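A look at the structure
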Amino acid sequence: MAFQTLSSAAPRLVRPAIGSVTLSVIVAVYLVFLTNRTFWAKAIDYLGIPSFAMVSMGIGLLALFSAVCIAVSVKYLTKPLFILMVMAAAVSSRFMDHFGTIIDVDMIRNAAETTGSEAGHLLTVGFVTDVAIFGIVPSLLIAVVRIQHRPFGQKFRWNLALVLSCLAVFIAVGLANVRTLAATTREHRDLMETLNPVAPIVSAVRYVMASGAEENLVVQPLGTDAHVVGPTASGKPRVTIIVAGETARAENFSLNGYGRMTNPKLAARGVRYFSDTSSCGTATAVSLPCMFSVYTRAGYTHQKAMETENLLDVLGHAGVRTEWWDNNTGSKGIASRTAYTSFSDINDPRFCTNHECIDAVHLDRLGSWLDNVKGDSVLVVHQIGSHGPGYYQRYPDAFRRFTPDCRTPELGNCSHDEIVNAYDNTILYTDHVLSEIIDMLKARQGKMAGAMLYMSDHGESLGEHGLYLHGAPYFIAPSQQTHVPFVLWQSPEARTGIDAACLNAKTSEPQSHDNLFHTVLGMMNIATKAYDPALDVLASCRGNAAS
């Protein structure tokens, strides 16, 4: 019996072919002109259009990007490198274009140290759509095409000639506008920090290098001579609760003169509000370790903070009980050597959803903690506060006083008023949480000398100057990101010896995160060589300051 063999194979997909140089130039054009909306918007603002400088900058950058792409168009490396550049540019441009974010080293560090739940607020439908259109689709096109490479020797000579020619064009147009471009980039340093994908990739490399250098750091002791100068007059223990706020900006505190009543409860509790307080940074990963370090903002670096003991260590050396309660993204290494509790890990369903909790989770346990205090103690409460863009998730429905409020992390879908309303509700809720802490301390005045110090890590932009969220480089950061609230409450015994009129005058003087370390040591009456009375807000108003 004869059999007939039939071919059932489907016709092979014919992949389009393209030369490596042609693809390199196409990728360069795409990166320069389609993933740099923020860069070109700033360039137009700074240089004007039409202008010879703008045209020259476009030609020069296209020549430079073409030179780079042609130089790396090596067989087996071309596609991975081009896809990396396209995806990096697509992701970065999403945050730059929609939030005004600049992807510097501190922003990379902040992203690396965030939690999944926090990152989830940024992974919106809009984010996925933008990355798909501007990143995934062009990356798939790069992956599908068949790249034609010349023989090695010929390719080397041809590509070298093209790279040198492109660099010559870049240098020529640069020299033709050197005065204008040099003056612009010197005056507006943020311009080149928005160039995609150069700035994000350079920042990521710098972060990795810095992280590698920090892996083998040995923490140096600080304040090992610390000791409590003496007990309170009544012998009661000193108890200070430090509330590390999150993303609260002073501009929206009614204690600071804001038109809306966002701090009604604090206003009724006789707190001291320091109206001119500046932050060390504009993101938690910078500000938080700086706040608790002995270094001022002028001398602070992340490496210094990691290799030097901090405020909690010095308190521990003095015999003070310390503890850190976290309802955020961790202590950033501050509580590495002290008792630590993460409420997002506990995930109490009464206060938490998907490991993200409202700040009432702190209040639930605070009363019991205070009742068990035996000696001098400092508790750090790290809030989720006003962290965005999901502001509406930071407060319960009972605190939706300002409406309509933005009910989505996709801020582009909300009006400016709705965003501000949601943010103001977070401040109103923080007012409630702080007041509850004060009331718990007041209720126990018979057994302790209590105090609460609140200071936010940084502020927040709500659309001013086209910026949203936080994390702008400090040299260009608006006051909304650097002007933070600072609140102090002390029980009568805790403020014994402090001149009230003097302290009232202090509230209008410039203060900063530099003051936290030394002010808390003074409040706990601790003497150590690490203490600087000039940075203790209360020292000049105290009869016998710690020394």
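Quick caveat: nothing in here was measured; it's all calculated off a predicted structure. (Residues numbered from 1 in each chain as written. Predicted model: local features only at pLDDT ≥ 70, side-chain atom pairs only at ≥ 80, totals over all residues. Heavy atoms only, no water.)

We now examine unusual backbone geometry. What is expected of a backbone is that most residues other than glycine have negative phi and most peptide bonds are trans. Note the cis peptide between Asn 196 and Pro 197, where omega equals -10 degrees. Secondary-structure assignment places Pro 197 in the loop between α9 (178–187) and α10 (198–214). Put simply, Thr 403 and Pro 404 share a cis peptide bond, and its omega is -5 degrees. Locating Pro 404 in the fold gives a position in the loop between β11 (377–382) and α17 (416–443). Its identity as a non-glycine residue notwithstanding, Asn 525 has a phi of 60 degrees, on the positive side. (Helix = DSSP H or I, 4+ residues; strand = E, 2+ residues; numbered from the N terminus.)

Turning to the confidence of the model for the protein, a few remarks are in order. Of the residues in the protein, 96% have a pLDDT of 70 or more, and the chain-wide mean is 91. Counting contacts from residues 1–8, a segment whose pLDDT is below 50, to residues more than four positions away or on other chains yields 0 contacts. (pLDDT = per-residue confidence, 0-100. Contact = heavy atoms within 4.5 Å.)

This part takes up the side chain of Asp 190. Checked against the element boundaries, Asp 190 lands in the loop between α9 and α10. Once residues within four sequence positions are removed from consideration, Asp 190 is found in contact with Lys 42, Tyr 46, Ile 102, Phe 475 and Ile 476.

Here the focus is the side chain of Arg 109. Summarising the element assignment, Arg 109 is placed in helix α5 (residues 105–112). Judged by relative accessible area, Arg 109 falls into the buried class, the value being 5%. (Buried < 20%, exposed > 50% of the residue type's maximum accessible area, 1.4 Å probe, protein only.)

As a further point, take the pattern of salt bridges. Any two side chains of opposite charge can pair, so long as their charged atoms come close to each other. Taken as a whole, this structure holds 21 salt bridges when the rule is applied. Between Arg 269 and Asp 439 there is a salt bridge, with the nearest N and O atoms lying 2.9 Å from each other. One end of the pair, Arg 269, is in the loop between α11 (264–267) and β5 (272–273); the other, Asp 439, is in helix α17, and 170 residues separate them in sequence. Asp 439 sits in the partly exposed class, given a relative accessible area of 27%. As a salt-bridge pair, Arg 337 and Asp 313 come within 2.8 Å of each other at their nearest N and O atoms. (Salt bridge = Lys/Arg side-chain N within 4 Å of Asp/Glu carboxyl O.)

The next subject is the packing of aromatic side chains. Considering all chains together, one arrives at 13 aromatic pairs under this definition. Aromatic pair Phe 33 and Trp 40: ring centres 5.9 Å apart, planes at 15 degrees, arrangement stacked. For Phe 33, a relative accessible area of 40% gives the class partly exposed. An aromatic cluster is defined as three or more aromatic residues linked by ring pairs; in this entry it consists of Phe 33, Phe 39 and Trp 40. The cationic tip of Arg 297 hangs over the ring face of Tyr 474; the distance from NZ or CZ to the ring centre is 3.9 Å. Taking NZ or CZ as reference, Lys 304 lies 5.4 Å from the ring centre of Tyr 295, over its face. (Phe/Tyr/Trp six-rings, centres within 6.5 Å; stacked < 30°, edge-to-face > 60°. Lys NZ or Arg CZ within 6 Å of the ring centre and 35° of its normal.)

Let us now look at the sheet that holds strand β12 (residues 449–456). The 7 strands are arranged β5-β15-β12-β4-β11-β7-β8 in an open sheet whose pairing can be described as mixed. The strands lining the two open edges of the sheet, one partner per strand, are β5 and β8 (339–342). Strand direction decides the pairing type here: strand β4 (residues 238–245) and β12, joined by 8 bridges, are parallel. Looking at β12, one finds that Gly 245 is bridged to Ser 456. Where helix α20 (residues 514–523) meets the sheet, it contacts β4, β12 and β15 (486–490), and its direction lies at approximately 175 degrees from that of β12. (Pairing = 2+ DSSP bridges. Axes fitted to C-alpha atoms, helices over the stretch in contact; angles between N-to-C directions.)

Turning to helix α12 (residues 284–291), a few remarks are in order. Burial runs high along α12: 8 of the 8 residues are buried. If you check which residues of α12 are buried, you get Thr 284, Ala 285, Val 286, Ser 287, Leu 288, Pro 289, Cys 290 and Met 291.

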